[in-house]
Amino acid sequence: MSLALAPLDMSVELEANLPCRKFDPDLWFSDSPTELELAKSLCGDCPLRVECLAGAVERAEPWGVWGGEIFERGAVVPRKRPRGRPRKEDVARDAELRVEAEARLAASGLSEVRGAVRLAA
């Protein structure tokens, strides 16, 4: 009977170490770019980061932080932009971050999921 409870105990212990279970879940779905960056950084050490990201890509999550990446309208975005017209240096930084996001997805082996991961332009 104790063997039947072992997997349950392990999953409870694993969930206790997940950042999305420790902190306010609204942080991962915030409208604030600063809070979304914080959520991304908390995902960095998560043991389920790659699986979470793969699941979000397969489901084409409409928004939120999944596996350390920001999703918006089913696509990975390098960072959430504040409202209004972006500055020129922000546009340049977005291009650099897009390349970095593509490299991270390729390194995780997720660029082939669903054909190719769609990155927002």
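Residues numbered from 1 in each chain as written. Predicted model: local features only at pLDDT ≥ 70, side-chain atom pairs only at ≥ 80, totals over all residues. Heavy atoms only, no water.

S.K.: Teacher, can you tell me more about the UniProt feature "binding site: [4Fe-4S] cluster" (unreviewed entry) in the protein chain here?
M.R.: The UniProt record annotates "binding site: [4Fe-4S] cluster" (unreviewed entry) at Cys20, Cys43, Cys46 and Cys52. Across 33 residues, the annotated set stays spatially compact, with a maximum C-alpha separation of 10.9 Å. Within the secondary structure, Cys20 is located in helix H2 (residues 19–22). For Cys43, the position within the fold is in helix H3 (residues 33–43). Judged by its relative accessible area of 8%, Cys43 falls in the buried class. (UniProt positions renumbered as here; feature names shortened; annotations may be inferred. Helix = DSSP H or I, 4+ residues; strand = E, 2+ residues; numbered from the N terminus. Buried < 20%, exposed > 50% of the residue type's maximum accessible area, 1.4 Å probe, protein only.)

S.K.: Explanation requested: the pattern of salt bridges in the structure shown.
M.R.: When the charged atoms of two side chains with opposite charge come close together, those side chains can pair. Under the definition given, this model contains three salt bridges. With its nearest N and O atoms 3.7 Å apart, the salt bridge here joins Glu37 to Lys40. Within this pair, Glu37 and its partner Lys40 are both found in helix H3, separated by three residues, close to a single helical turn. Salt-bridge contacts for Glu61 lead to Arg59; the nearest nitrogen and oxygen are separated by 2.6 Å. By relative accessible area, Glu61 is classed as buried at 13%. (Salt bridge = Lys/Arg side-chain N within 4 Å of Asp/Glu carboxyl O.)

S.K.: Got a minute to help me understand the state of the cysteines in this structure?
M.R.: Linking two cysteines covalently via their sulfur atoms produces the bond known as a disulfide. Inspection of the entire model under this criterion finds zero disulfides. Note on Cys20: no disulfide assigned, nearest cysteine sulfur contributed by Cys46 at a separation of 5.9 Å. Free of any disulfide, Cys43 has its nearest neighbouring cysteine sulfur in Cys46, separated by 6.4 Å. (Disulfide = S-S within 2.5 Å.)

S.K.: In this structure, what is going on with H3? I would like to understand it.
M.R.: The periodicity of an α-helix, 3.6 residues per turn, causes residues three or four places apart in sequence to face the same way. Along H3, the residues classified as buried are Leu36, Ala39, Lys40 and Cys43. For H3, the angular spread of buried residues about the axis comes to 100 degrees, placing them on one side. On the buried face of H3, the contacting elements are H2, helix H4 (49–59), strand E1 (63–66) and strand E2 (69–72). (Arc of directions from axis to C-beta. Contact = heavy atoms within 4.5 Å.)

S.K.: Teacher, can you tell me more about the side chain of Lys40 here?
M.R.: For Lys40, a relative accessible area of 15% translates into the label buried. What Lys40 contacts, discounting residues up to four positions off in sequence, is Val65, Gly68, Glu69, Ile70 and Pro78.

S.K.: It is not clear to me how the nonpolar core should be interpreted in this structure. Could you clarify?
M.R.: Considering soluble globular proteins, one finds that nonpolar side chains tend to be buried as a cluster. Counting eight residues, the largest nonpolar core is built from Leu27, Trp28, Leu36, Ala39, Cys43, Val65, Ile70 and Val77. Among the elements that take part in this core, H3 stands out by supplying three residues, more than any other. Those residues in contact with Cys43 that sit more than four places away from it in its chain are Pro19, Trp28, Arg49, Val65, Gly67 and Gly68. Grouped together as the second largest cluster of nonpolar side chains are seven residues, Ala56, Val57, Val76 and Leu105 included. (Core = buried A, V, L, I, M, F, W, Y, C linked by side-chain atoms within 4.5 Å.)

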